[in-house]
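# A look at the structure
As a plain string of letters, each chain reads:
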Amino acid sequence: MSVPKYRKAAASALVAGLGLSLVACSTKSYDAKTDAGGKVTITVDCQPVGAQKELLKNWNDDVAEFQRQNPNIVIKSVSVGEQCNNPPDFTARLAGGTVTDVFYGYMTDLQQVLDSGQAMDITEFANKDTVPTWDSVDPALKQVFTDSGKLYAVPVKNYSMGLVYNKVLFQQAGLDVNNPPKTWGDVRAAAKKISALGKGISGYSEYSAGNTGGWHFTSLLYSQGGQVLTADGKKADFNNAMGKQVLQNLKDMRYGDNSMGDRQLLQWGDLLTNAGAGKVGMFIGAPDATQAIVSQFQGKFQDWAMAPLPGQDGAAKATLGGGEGYFFKKGLTPEQVKAGLKWIAYQKLTPGKGQFDYVRAKPQNYPVGLPQPLLFANGSDAQKQELDLRKANANVDTANFALFEANPVPIKGEPRNAQAIYAVLDAAMSGVLTNPNANIDALLKTAEDKVNQLLAAEK
């Protein structure tokens, strides 16, 4: 997830809400497939919502241009609100059979999509003919959406997490913006100083609902050197000293220092809304979290910088990486699959187009220069093109990400069945953030038992 998210994006995940397409809006799967005039119709979700006027216009402009270049393809855009940044809503749509022909999902969603029986094997269709940059796409990202040698989705975003911090609040609190916290002890000390500014400001803010709490618990656990599951993936592996340290750190800041604010049970948009209003000193997130703060939550990009994820007593042992992609609904014709792949290639995987149209984004106050999405393999043609375009059109101070880029933390992927596990771990996170008498041992034991039951049910 980045912002998502992400959910991200997931993220960059799109903000929740419902919007109407300027092109079309429907969740109906088109039985006609190909009409009498030879046109192929597909529905695609996660169109920007109406409140995101520039992003929505960009999307619709891209649809119009794509259809001009491909007159035999009709794209029916769908805004699905919560699905694109809220895992439970995605699960509900999947269970209800209301996903679009080409539908968005996280890298953690492969198993539940396969379990639903709605995913189509697209292995034979994904190639340079349908996606010209296919050979440049990082093989590791393709593998995330592969099961038993079969490809079920195309990656369109990749991220890793670090410490995002507000430079204005750092300066007001007497902290050095060029020397952000390197350990969780440093984070705690800085959070105390920032929260002392008053005015409803939280020194450090954290998620604890909508699966986002479990998502962040995982990244915090990785920073300690831990893992959510055992190496064989059969048992929970967070009820230990490292898992306890994660929750103890948060409990100490929340109730020992009162540096996390009174409002808890935050989901993705809640935290970023507060950040955009200048009420959050620090949080963990991916680079596109700053993008969301600016483009969706009225924040100022120059206020934010990013550093590597802190570790307990030194550098973090690892950080969480993830991303998102587009699946294809089972039952599509070969023509529909090829049409969907061509659209994804245009909108998500072509330097200079869609999400990589930096020339268009630059004057729109849409941040250009962030160190993501990292979709293309280092040294590949597409990676070089994207990097050159990004540098040429940067409208942000890339120095804000210099520490993050110069001190990379090893990236660890999300556990299998991640969303279901994150939902369980939400309770542990919300427990320590809403109850001053929370028993950390009991919270972790309960979560461990539930995760083990979940894993056992898969066998």
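Everything discussed here concerns the structure shown above.
Nothing here was measured: the structure is a model prediction, and the numbers come from that model. (Residues numbered from 1 in each chain as written. Predicted model: local features only at pLDDT ≥ 70, side-chain atom pairs only at ≥ 80, totals over all residues. Heavy atoms only, no water.)

This part covers the overall build of the chain. Secondary structure summary: the chain contains 16 helices and 11 strands in total. Scaling as 2.2 N^0.38, a compact globule of 459 residues should have a C-alpha radius of gyration of about 23 Å, and the chain matches this with 21 Å. Along the longest, intermediate and shortest principal axes, the C-alpha atoms of the chain span 70 × 50 × 40 Å. Counting the 459 residues in the chain, one finds 60% classified as buried. Here the chain has roughly 17500 Å² of accessible surface; of this, 49% comes from carbon and sulfur atoms. Across the chain, the mean location of the 46 positive side-chain charges is 2 Å away from that of the 44 negative side-chain charges. (Helix = DSSP H or I, 4+ residues; strand = E, 2+ residues; numbered from the N terminus. Rg over C-alpha atoms; globule rule 2.2 N^0.38 Å. Buried < 20%, exposed > 50% of the residue type's maximum accessible area, 1.4 Å probe, protein only. Areas by Shrake-Rupley, 256 points an atom, 1.4 Å probe, with all protein chains shown as cover. Lys, Arg positive; Asp, Glu negative; His and termini not counted. Charge placed at Lys NZ, Arg CZ, Asp CG, Glu CD.)

This paragraph deals with the packing of helix H1 (residues 53-69) against helix H11 (residues 334-348). Contact geometry of H1 with H11 gives a least axis separation of 11 Å together with a crossing angle of 125°. When the interaxial angle is binned, H1 and H11 end up oblique. The two elements H1 and H11 cross, and the hand of that crossing is right-handed. Each of Trp59, Asp62, Val63, Glu65, Phe66 and Gln69 in H1 lies in contact with H11, whose residues at this interface are Ala339, Lys342, Trp343, Tyr346 and Gln347. (Axes fitted to C-alpha atoms, helices over the stretch in contact; angles between N-to-C directions. Parallel < 35°, antiparallel > 145°, perpendicular 65-115°, else oblique. Left-handed = near helix turned anticlockwise from the far one by under 90°. Contact = heavy atoms within 4.5 Å.)

Here we take up the nonpolar core. Judged by nonpolar contacts, the single largest core of 77 residues is most densely connected at Tyr204, Phe238, Met282 and Phe283. Tallying contributions element by element places helix H15 (residues 418-434) first for this core, with 9 residues. Apart from residues no more than four positions distant in its own chain, tyrosine 204 is found in contact with Trp184, Val187, Ala191, Leu220, Leu250, Met253, Ser259, Met260, Met282, Phe283 and Ile284. (Core = buried A, V, L, I, M, F, W, Y, C linked by side-chain atoms within 4.5 Å.)

Take helix H6 (residues 184-195) next. For H6, spanning 12 residues, the distance from its first C-alpha to its last is 16 Å, which sits close to the expected 16 Å at 1.5 Å a residue. Within the sequence span of H6, burial applies to Trp184, Val187, Ala190, Ala191, Ile194 and Ser195. Seen from one end, H6 has its buried residues packed into an arc of 125°, which puts them on one side. Against the buried residues of H6 lie helix H5 (167-172), helix H7 (212-224), helix H8 (241-256) and strand E8 (282-285). (Expected span 1.5 Å × (residues − 1). Arc of directions from axis to C-beta.)

In this section: the environment of valine 280. As for its placement among the helices and strands, valine 280 is situated in the loop between helix H9 (268-276) and E8. Using a relative accessible area of 1% as the deciding quantity, one classes valine 280 as buried. Taking the C-alpha atoms as reference, valine 280 lies 5.0 Å from serine 202; in sequence the two are 78 residues apart. When sequence neighbours within four positions are dropped, the list of residues in contact with valine 280 reads Asn166, Leu169, Ser202, Ser205, Leu271, Asn274, Ala275 and Trp304.

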